[in-house]
Amino acid sequence: MRIAVLVKEVPDSYGARRLNLTTGLAEREASDRVLDEITSRAVEAAVSHAESAEGVEVVLVTMGPESAESMLRKTLAMGADSAHHVLDPGLLGADMTLSAEVLAAVLQRIGCDLVISGDVSSDGTGGVIPTMIAERIGAAHATSLDSLTITDSSVTGNRETYGGTVTVEAQLPAVVSVTERLPDARFPGFKGIMAAKKKPLETYTLADLGIDPAADVPRSILLSVTEAPARTAGEKIHDEGDAGKRLAEYLIDKKLV
Amino acid sequence: MAQQKILTYLPVLPSGELMGSAAELLGAAAQLGSPVGVIVTTPGMAEAAAESAGELGAATVRVAEHEAVGTTLTEPTVDVFTTAWEDLRPEAVLVPNDIDGRDLAARLSVRTHSAIAADVVGVHRDEEGIVAHHSVYGSTFTTESATTHGTLIITLREGAVDYRGQPVTPEIHRVELGELPPQAASITEFSASVEASTRPDLRGAPTVVAGGRGLGSAEGFALAEQLADALGAGLGASRAAVDAGYAPHSLQVGQTGVTVAPDLYIALGISGAVQHLAGMQTAKTVVAINKDPEAPIFDIADLGIVGDVFEVVPQLIETLKAQRP
Ligand SMILES: Cc1cc2nc3c(=O)[nH]c(=O)nc-3n(C[C@H](O)[C@H](O)[C@H](O)COP(=O)(O)OP(=O)(O)OC[C@H]3O[C@@H](n4cnc5c(N)ncnc54)[C@H](O)[C@@H]3O)c2cc1C
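Calculation rules
- Residues numbered from 1 in each chain as written.
- Chains lettered and ligands numbered in written order.
- Predicted model: local features only at pLDDT ≥ 70, side-chain atom pairs only at ≥ 80, totals over all residues.
- Heavy atoms only, no water.
- Near = heavy atom within 4 Å.
- Polar contact = N/O pair within 3.5 Å; in protein donor to acceptor, adjacent residues only side chain to side chain.
- Helix = DSSP H or I, 4+ residues; strand = E, 2+ residues; numbered from the N terminus.
- Salt bridge = Lys/Arg side-chain N within 4 Å of Asp/Glu carboxyl O.
- Buried < 20%, exposed > 50% of the residue type's maximum accessible area, 1.4 Å probe, protein only.
- Pairing = 2+ DSSP bridges.

A.B. asks: Explain the site of the ligand to me, please; I cannot follow it from the model alone.
C.D. replies: Residues and elements named next belong to chain B. Taken together, 27 residues lie near the ligand, and Arg213, Ser238, Ser271, Gln275 and Asn290 sit nearest. One of the backbone nitrogen or oxygen atoms of glycine 214 is found 3.3 Å away from a nitrogen atom of the ligand. A distance of 3.0 Å separates a nitrogen atom of the ligand from a polar atom in the backbone of valine 309. Contributions of two or more residues to the shell around the ligand are made by α6 (239-243), α7 (274-277) and α8 (309-323).

This is the structure we're talking about:
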């Protein structure tokens, strides 16, 4: 069985993330680029399944700028077998329609039984790409899973729904996405890091995949970008045994209670 | 020009009531055109929901009831929306930005070749069409987007839109389900959540009290609950508090949880990590109680109290009780 994990390089949310006020694109210089934490949990789920089952291959798939290559090497060190990188200037500022088209095309090219991704990326916050891919490749989707069980022919997991929790089951091929309820990623050991250097990493252009980013299909376009005014610190008091009373006065005074 | 149709997904709870998000979805739809509500349920569940959709401004409601809704994931709803899209060619489709809403938006966008605007916090219309508003990087930037042409599919962030539609008596159209794709995931089990809480929903509450790891234990977290109840507030938590098991994940505020913008946000024993601020920094007034004077939460607090929550909060509750017998 081949499992493809969608991984994404994002601006580190621990730092100051910025948008360019003219282009609306992420300012690359503003922050470090890291593997999105939620996709590292997806990798962990795939790799730990590969360790517990026979004949499971894990491939990483991403689209992104050149810098994504070092992210892929680091992630390979967690135990994945190979990596596939769609790298093309035509992808700068790609909307979700184009992103899903590209990822579906590369997944079909590689061939896989199961796709695992994070539920929502920390930069785009869309949460629609996995199911868009499922629709494109004609597979079932089971997204935002809080638990995940993989067998040779199916996937099962729980997810939140209106007024409760459902258990969902999909036959392979399927696309699943996981939430941060799944275990945190492992730290790659020295052996993993050394092995990752020699693992296959393939790159693709849009032309390789037969995709025209300028095709006349409906696209989401950015109209404007504004920076919100930063919040400033107000008054700070040290409790001298009466802070609870002072807070009550503050809230009453401001008509907040 | 006749008003443009805005297809709106109205999820229904197991009790037969509409989800709380229906009011803001229909509100946003009314800002853009003529709202057409869509309700897809198991048999016998849609009638009352369709009536309440009218009270929230849905002039027309499309209703489909089918057993498959309880056993097949997403596809029954996608099927009803695809047919409605073909019949009405709506200018926009509005769905809640929740798990089921996103899956619907995703499949529908590919099936109808429509662009998506995801995690939208507001909408308006200009000369050229519909404009979606987004709040990016934890509310530090706002952007506006549109589609080049065709229908715009919008996933609307819960709690973001205040506008409300006018009550009408809805015209109800019953529709049939088509054939569903055989590969769809199946729903094998449903367990209702035990919603014992009578507290206001975190997303829309004017006041939110949130507890962090500083509360030390599940028992300690009860302090946040007591203050929330004393103030009639919604209850929230940091990710560290959720990870430690003090509170369920549904209460998590922040980048990977809920985003709130209440009038008053009180943070108890929360350090103020960027990812937490991402979910609450547009609150009108922020009060923070933390025993570390250097905690970053103080950088954005209108009133910061350096102190022990277990001393300050009980005194606060006592004082408020004394004021309001
Ligand atoms: C990708 C990603 C996504 C994330 N998403 C979220 C998210 O959605 N929401 C979120 O909250 N976090 C999120 N985080 C985690 C975030 O980085 C922090 O780890 C988390 O917010 C810390 O929670 P905390 O403030 O409760 O705990 P801590 O940082 O441990 O802070 C506890 C605070 O309590 C204070 N304290 C202790 N005892 C007392 C006392 N008796 N009285 C008063 N104060 C006391 C301490 O001084 C300390 O400041 C995310 C992280 C990543 C990497």
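Structure shown, so let's carry the discussion forward.
A.B. asks: Any chance you could explain the pattern of salt bridges here in plain terms?
C.D. replies: Working definition: two side chains of opposite charge can pair if their charged atoms are close together. The full count for this structure, using the stated rule, is 29 salt bridges over all chains. Note that aspartate 103 of chain B and arginine 159 of chain A form a salt bridge whose closest N and O atoms lie 2.7 Å from each other. Of the two residues, aspartate 103 of chain B is situated in helix α4 (residues 99-112) and arginine 159 of chain A in strand β9 (residues 154-161); the pairing between them involves two chains. A residue is classified by how much of its surface remains accessible, and arginine 159 of chain A, at 0% relative accessible area, is buried. Via salt bridges that share partners, Glu37, Arg41, Glu180, Arg181 and Asp184 of chain A together with Arg239 and Asp243 of chain B belong to a single interconnected network.

A.B. asks: Please explain the pairing of strand β13 (residues 264-268) of chain B as it appears in this structure.
C.D. replies: The side chains of a regular strand alternate between both faces of the sheet. Residues and elements named next belong to chain B. With five of its five residues buried, β13 lies for the most part within the structure. The alternating pattern of β13 places Leu264, Ile266 and Leu268 on one face and Tyr265 and Ala267 on the opposite face, and all of these are buried. Note: strand β11 (residues 207-211) against β13, five bridges, orientation parallel. Note on β13: the bridge partner recorded for threonine 207 is leucine 264.

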